[in-house]
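# Architecture and fold: a report
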Amino acid sequence: MDREKIKQLDAQYIVHTYNRYDVVVDHACGATVTDADGKEYIDMCSGYAANSLGYQNEKWLAAVTEQLGKVQHTSNLYYSEPGALLAEKLVKKSGLRKVWFANSGGEANEAAIKVARKYGNTAADHKKNTIISLKKSFHGRTLATVTATALAEAQEVFAPLVPGFVHAEVDNAEQLAELTDKYDPCAFLMELVQGEGGVHALDKSFVQSAAELCRSRDILFIDDEVQAGIGRTGTLFAYQQYGIVPDIVSFAKGIGAGLPIGGIICGEKTCDILVPGDHGSTFGMNPVACAGACVVMDTMTDAFLEEVRMKSEKIRGALTEMKKVKQLDGLGLMIGIDLDGMSGAEAVSMLMEEGLLAIPAQSRLRLLPPLTISEEETDKALKILKRVLD
Ligand SMILES: *Cc1c(COP(=O)(O)O)cnc(C)c1O
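Presented here is an overview of the structure given in this document. (Residues numbered from 1 in each chain as written. Predicted model: local features only at pLDDT ≥ 70, side-chain atom pairs only at ≥ 80, totals over all residues. Heavy atoms only, no water.)

Another point: the environment of G106. If you trace the backbone, G106 turns up in helix α5 (residues 105-121). Every residue in contact with G106, bar those within four places of it in the chain, is listed here: H139, G140, T142 and T145. (Helix = DSSP H or I, 4+ residues; strand = E, 2+ residues; numbered from the N terminus. Contact = heavy atoms within 4.5 Å.)

All right, on to the sheet that holds strand β5 (residues 131-134) then. What the seven strands build is an open sheet, ordered β4-β12-β11-β10-β7-β5-β6; its pairing is mixed. Lying at the two open borders of the sheet, with one neighbouring strand each, are β4 (98-102) and β6 (165-168). Averaged over all pairs of adjacent strands, the angle between their axes in this sheet comes to 20 degrees, without regard to strand direction. Where strand β11 (residues 248-251) meets strand β12 (residues 262-266), four bridges bridge the pair, whose relative direction is antiparallel. Of the residues in β12, the one forming a bridge with I248 is C266. (Pairing = 2+ DSSP bridges. Axes fitted to C-alpha atoms, helices over the stretch in contact; angles between N-to-C directions.)

With that settled, the discussion passes to a nonpolar patch on the surface. A contiguous nonpolar surface patch, about 320 Å² in accessible area, is contributed by L143, V157 and F158. With respect to the helices, strands and loops of the structure, L143 is situated in helix α6 (residues 143-148). (Patch = residues over 30% accessible without salt bridge, like charges linked within 9 Å, V, L, I, M, F, W, Y side chains within 5 Å. Areas by Shrake-Rupley, 256 points an atom, 1.4 Å probe, with all protein chains shown as cover. Salt bridge = Lys/Arg side-chain N within 4 Å of Asp/Glu carboxyl O.)

Residues in close proximity to the ligand include S104, G105, G106, N109, F138, H139, G140, E191, D224, V226, Q227 and K253, which together make up its full environment. For the ligand, an oxygen atom lies 2.7 Å from a polar atom in the side chain of K253. If the ligand stood free it would expose 390 Å²; the protein chains cover 81% of that surface. Per-element accounting of the shell around the ligand gives the leading share, three residues, to α5. By residue class, the composition of the shell around the ligand is two nonpolar, seven polar and three charged. (Near = heavy atom within 4 Å. Polar contact = N/O pair within 3.5 Å; in protein donor to acceptor, adjacent residues only side chain to side chain. Nonpolar A, V, L, I, M, F, W, Y, C, P; charged D, E, K, R; others polar.)

The nonpolar side chains of a soluble globular protein tend to be buried, and buried together. Ranked by internal contacts, the top residues of the largest apolar core, which has 97 residues, are L86, L90, L192 and L389. A116, Y119, C186 and L220 belong to the second largest nonpolar core, which has 23 residues in total. (Core = buried A, V, L, I, M, F, W, Y, C linked by side-chain atoms within 4.5 Å. Buried < 20%, exposed > 50% of the residue type's maximum accessible area, 1.4 Å probe, protein only.)

Overall, the coordinates contain 23 salt bridges when judged by the stated rule. One salt bridge in this structure joins E306 and R309, with 2.8 Å as the shortest N-O distance. With a gap of three residues between them, E306 and R309 both fall in helix α12 (residues 302-320), about one helical turn apart. For R309, a relative accessible area of 34% corresponds to the partly exposed category. With a closest N to O distance of 3.2 Å, D338 and R364 form a salt bridge. Of this pair, D338 sits in strand β14 (residues 334-339) while R364 sits in strand β17 (residues 364-367); the two residues are 26 residues apart in sequence, bridging distant segments of the chain.

Within the fold, D43 resides in strand β3 (residues 40-43). Of the side chains with opposite charge, R232 lies nearest to the buried D43, which makes no salt bridge, at 9.0 Å. Here the side chain of D43 touches C45 through a polar contact of 2.9 Å, landing on its backbone nitrogen. The contact partners of D43, leaving out residues within four places of it in the chain, are A31, V33, Y55, L357, P369 and P370. (Lys, Arg positive; Asp, Glu negative; His and termini not counted.)

As a further point, take the sheet that holds strand β16 (residues 359-361). Adjacent strands of a sheet pair through backbone hydrogen bonds, lying either parallel or antiparallel. Strands sit in the order β13-β14-β17-β16 across an open sheet of four strands; the sheet is antiparallel. Sheet topology places β13 (325-331) and β16 at the edges, where each strand pairs with a single neighbour. Strand after strand, the sheet turns through a mean of 35 degrees between neighbouring axes, direction not considered. The sheet strands contacting α12 are β13, β14 and β17, and the helix crosses β13 at an angle near 160 degrees.

Quick look at the structure:
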């Protein structure tokens, strides 16, 4: 179909919740996307970090297709192999205890919030149900996760929001301790590397003091790794670089390698809080998404993660040399760039013109290449970045 026709259908029939870039994606391979006019782009957006293995990954494609030919969906009334296997992989590699599957990041965090609320409301000594999240956070678009997200606009137009959420300053341990005294929370909810907030890796000392408050006050530490998890930061989970073990880790985006799946991994304190009837999802633990996700988990070997760290070093090293690059933030292949005299949004438009897809994060430029990006594609991307940022 003609690209103008596609844009016209979109404008006429799709609720306008997205301001799209002027690119009609047609097909893709590796880390390269081709649009409807045949123009190629190195993809450093990766469907918002979802396409962790790039496009046309052979093992993933084979696993997904094989499962489609066996059974595409069953209900959680019955057992099935892919989800059980995937949960085992997630538990063994995280050191936590049990998994609950959803279909997206927002739903994963929603589940985490429900676990935390029930944990606090049924606590033996006294009831507590406030959740403290951080400013500049992003946790999803459901009513509860939008409330956890400290975005002022959403807080007004969708009022009344879900009660029981408090927002703390980023990297301010003293204030977090004060708020903890004041509100007696059942949980902290935070992204260790804030994605939408500007790709900011939280201070290690802040995260560790939050974890210490959790230990001493019986507060749950919910770590939202929807964007940062599954190899993106150079370790399977970002918390493995912070020297903490969360009580709940939420995951989505990268584990699906492009299919919708999300969920939470629960630790010792939280793995038996939800019981039959408390929560559910029709498509949760979908066998096709899970079969693909098993390939993603099997790909996350020490050698693969070491490669992710090396790719990150190479890209970050090259960026540091570019004149307009002021400062780099984030971890691994989750890269936030402060630019001199140019906003992230302006850079994105110029990069797109030159054949590279990137996204802004607040005022910054954000790069989220597939973890499997090849050396050749990396070099091509760095050339384009140099043309625009040097
Ligand atoms: C994208 C994102 C979400 C929401 O995920 P959806 O799959 O869009 O619901 C939640 N938390 C973080 C950190 C994210 O980056």
